[in-house]
Amino acid sequence: MTDRALAVVRAGALTTVQDLGRPGHAHLGVPRAGALDGPAHRLANRLVGNPETAATLETTLTGCAVRVRTATTVAVTGAPCPVTVDGRPAPWGAPVRVPAGAVLDAGTPVHGLRSHLAFAGGIATEQVLGSRAADLLSGLGPAPLTDGAVLPLGDPYGPPAAADAVPHPGPVTELCLPFLPGPRDAWFTGAGLRTLTTGRFRVSAASNRIGLRTEGPPLERARTGELPSEGMPLGALQVPPNGLPVLFLHDHPTTGGYPVVGVVPERFLAPAAQAVPGTPVRFVRLGRRPDRAAHSQ
Amino acid sequence: MRPLPVGEHGLLIELDSAEEVGALHAELLRRAADGTLPPVGEIVPAARTVFLDGLADPRGLIAELATWHVPPRPADDRPAVEIPVRYDGPDLADVAALWDTTPEEVVRRHSGTTFHVAFCGFAPGFGYLTGLPEPLHVPRRDTPRTKVPVGSVALAGPYTGVYPRSSPGGWQLIGTTDAVLWDPRREPAALLTPGTRVHFVPLETAR
């Protein structure tokens, strides 16, 4: 009889089950959720032979520790951190065989914020709307881990794909966020838009999976008031009345009434998952792809 | 119809009225169903906009939109969703005062209105329902409640809503329902999806 499960020994500051989320339900008010550091989630799965859709654990700030009930292949990616198996050092960013009953501990990151722990077979909690992701805005999916909680594991998919070189993320010493202006940049003055691209911003400690908040000079508005609620994309730079941009991450609300000054394309969002509070933030305006006509000048 | 690019793959289409939003939303769903809309990840109607995300070529769609003729929202031949309500909310008397009438008349007018789900947001399964005429629009409460009970039927601005779960909220509470607004095991999980017609049916209140 198999007992494919893990027991949480040390839940850490905030550890959640994540996968690629549940996009496609925004019209019902359902956030997409899913791993904030998508590349780290995918890599961890690949290292243990899982498809990228398998659920992993996303830690925050202090890592976590789990006891596996059967021998399991595990990989830790994302924020680099000390990894141990029953107290003995084990590699980060590589498949690790953890014997039945042993404790895998992913410690506080050397740099960065969120590590991903993948287990062969994936975390097998119940799916909600096709995803196992914990959505901390609306409470869909499994609750954040608590000490003593037991999570089921799926059956292993097969031998891991070979990985000769695993990308080792450098520390995010400055968070560079390229953005496309709009749709509501006209709600800000020229000076306000210059403040966005030239001001000194930092990651606020009030950031979470819903949004990365910033501290810095407020953006001057050309129009006051709120918009009627409108759809909000992942990566939106929404500006609440205090004038400080909030970068919408995966648990963001699906609609909102504060103006969105610009949007950071999804492919640039992973470093935002690893920027610790206090990290300097720079917003870099991307040009829209020029039209043919503009080219021919 | 004013389309605004949103990031690399999104389009926010601004419209002049809730009716135009409903019509464009219905047209987008029709074209998605018959395969004449380019692949799209999300279609999110809201108060005065429809947001499309996950488009490969938003600029191409902007050009195409200019050639569309969008008919008025077709008559909904599906039966209306009926929501049984006990009109016993703590703000019923305040709403009656704002409407310059009696609580009994609030019940009569609210339950006599045909509502449409204009859009969803705030929480999974929370629908923003339109249908009340402008003189019956009411402000939010000055101080939001820290806990609004699940099933609360509430008013704010042009909208009626039903809280799918207990949460903080600033809307005027006029009643409660036992209807299940959100059930992830149901398809669709939300009882109130955009475009749905809704009637509120008064239950006898035991006072």
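Residues numbered from 1 in each chain as written. Chains lettered and ligands numbered in written order. Predicted model: local features only at pLDDT ≥ 70, side-chain atom pairs only at ≥ 80, totals over all residues. Heavy atoms only, no water.

Enquirer: Explain the pattern of salt bridges to me, using residue names and the numbers behind them.
Expert: Evaluation of the coordinates by the stated rule reveals 23 salt bridges over all chains. The salt bridge involving Glu 105 of chain B is made with Arg 108 of chain B; its shortest N-O contact spans 2.7 Å. Here Arg 108 of chain B and Glu 105 of chain B lie together in helix α4 (residues 103-111), a separation of three residues that amounts to about one turn. Ionic contacts of the salt-bridge type, sharing partners, join the residues Arg 184 and Glu 230 of chain A together with Arg 2, Glu 14 and Asp 16 of chain B into one network. (Salt bridge = Lys/Arg side-chain N within 4 Å of Asp/Glu carboxyl O. Helix = DSSP H or I, 4+ residues; strand = E, 2+ residues; numbered from the N terminus.)

Enquirer: So what's going on with empty space enclosed by the protein? Residues and values would help.
Expert: Tallied over the entire structure, the rule returns two cavities of 30 Å³ or more. Computed from the structure, the largest cavity encloses a volume of approximately 110 Å³. In this structure, the largest cavity is lined by 14 residues; those nearest its centre are Ala 26, Arg 32, Met 232 and His 252 of chain A together with Glu 42 of chain B. Elements supplying a minimum of two residues to the lining of the largest cavity: β3 (42-45) and β4 (49-53) of chain B. Of the residues contributing to the lining of the largest cavity, the split by class is eight nonpolar, three polar and three charged. Computed from the structure, the second largest cavity encloses a volume of approximately 30 Å³. Around the second largest cavity sit Ala 18, Val 21, Ala 46, Ala 47, Arg 48, Ala 118, Phe 119, Thr 130 and Tyr 159 of chain B, which together line it. Secondary-structure elements contributing two or more residues to the lining of the second largest cavity are α1 (18-33) and β6 (115-120) of chain B. In terms of residue class, the lining of the second largest cavity is made up of seven nonpolar, one polar and one charged. Counting the residues that make up the lining of the second largest cavity, at least three belong to each of domain 1 (2-65) and domain 2 (81-203) of chain B. (1 Å grid on protein atoms, 1.4 Å probe; cavity = no way out; pocket = protein on both sides within 12 Å on 5 of 7 lines; lining within 4 Å. Points joined across faces, edges and corners; volume = space filled by probe spheres on them. Nonpolar A, V, L, I, M, F, W, Y, C, P; charged D, E, K, R; others polar. Domains from an automatic or database assignment.)

Enquirer: Before we move on, could you go through the nonpolar core and cite the residues and values that matter?
Expert: Residue and element names in this part refer to chain A. Of all hydrophobic cores here, the largest spans 27 residues; its most connected members are Leu 6, Leu 57, Val 98, Leu 104, Leu 117, Phe 119 and Ile 123. With three residues, the single largest contributor to this core is strand β4 (residues 64-68). Residue contacts for Phe 119: discarding those within four places in its chain leaves Leu 6, Val 48, Asn 50, Leu 57, Val 66, Val 68, Thr 72, Thr 73, Val 74, Leu 104 and Leu 153. (Core = buried A, V, L, I, M, F, W, Y, C linked by side-chain atoms within 4.5 Å. Buried < 20%, exposed > 50% of the residue type's maximum accessible area, 1.4 Å probe, protein only. Contact = heavy atoms within 4.5 Å.)

Enquirer: Got a sec to walk through the domain arrangement of chain A? Specific residues and values, please.
Expert: Residue and element names in this part refer to chain A. Taken as a whole, chain A is organised into domain 1 (5-152) and domain 2 (175-292). On a C-alpha basis, the centres of domain 1 and domain 2 stand 28 Å from each other. Interface area, domain 1 with domain 2, both sides summed: about 1600 Å², of which 58% is carbon and sulfur. When the buried surface of domain 1 facing domain 2 is broken down by residue, Arg 32, Leu 36 and Leu 137 rank first, second and third, together holding 38% of it. The interface formed by domain 1 and domain 2 contains two salt bridges. Here Arg 209 ties to Glu 58 by a salt bridge, and the two come within 2.9 Å at their closest N and O atoms. Linking domain 1 to domain 2 there are 10 residue pairs in polar contact (both at pLDDT 80 or more). Here the side of domain 1 that touches domain 2 is composed, by residue class, of 12 nonpolar, six polar and five charged. (Buried area = accessible area lost by both parts, 1.4 Å probe. Polar contact = N/O pair within 3.5 Å; in protein donor to acceptor, adjacent residues only side chain to side chain.)

Enquirer: A description of the sheet that holds strand β14 (residues 211-215) of chain A should follow, citing residues and the corresponding values.
Expert: Residues and elements named next belong to chain A. On the basis of which strands lie adjacent, the closed barrel formed by seven strands has the order β12-β19-β16-β17-β14-β13-β20 and mixed pairing. Averaged over all adjacent pairs, the angle separating strand axes in this sheet is 40°, with direction ignored. Relative to strand β20 (residues 280-285), strand β12 (residues 175-181) runs parallel, the two being bridged by five bridges. Counterpart to Phe 179 in the pairing with β20 is Arg 285. In the packing of helix α2 (residues 190-198) onto the sheet, the strands contacted are β12, β13 (201-203), β19 (260-263) and β20, and the crossing angle to β20 comes to about 125°. (Pairing = 2+ DSSP bridges. Axes fitted to C-alpha atoms, helices over the stretch in contact; angles between N-to-C directions.)

Enquirer: A description of the pairing of strand β7 (residues 127-130) of chain B should follow, citing residues and the corresponding values.
Expert: Residues and elements named next belong to chain B. Bridge analysis of β6 against β7 gives four bridges, and the strand direction is antiparallel. Its bridge partner lying in β7, Phe 119 is registered against Tyr 128. Here β6 folds back onto β7, and the loop between the two strands holds six residues, one of which, Phe 122, carries a positive phi near 70°.

Enquirer: Please set out the layout of surface pockets residue by residue, giving values where relevant.
Expert: Where empty space is left can be seen by rolling a probe of water-molecule size over the atoms. Approximately 1200 Å³ is the volume attributed to the largest pocket. Residue lining of the largest pocket: 43 residues in total, with Ser 229 and Thr 255 of chain A together with Phe 122, Tyr 128 and Arg 140 of chain B positioned closest to the centre. Elements represented by at least two residues in the lining of the largest pocket include exactly β14, β17 (246-248) and β18 (255-256) of chain A together with β11 (167-169) of chain B. Tallying contributions element by element places β11 of chain B first for the lining of the largest pocket, with three residues. Class assignment for the residues of the lining of the largest pocket results in 24 nonpolar, 14 polar and five charged. In this structure, the second largest pocket encloses a volume near 850 Å³. Gly 22, Arg 73, His 116, Val 117 and Gly 195 of chain B are, among the 37 residues lining the second largest pocket, the residues nearest its centre. Elements represented by at least two residues in the lining of the second largest pocket include exactly α1 and β6 of chain B. In terms of residue count, the dominant contributor to the lining of the second largest pocket is α1 of chain B (10 residues). Per-class residue counts for the lining of the second largest pocket are 19 nonpolar, nine polar and nine charged.

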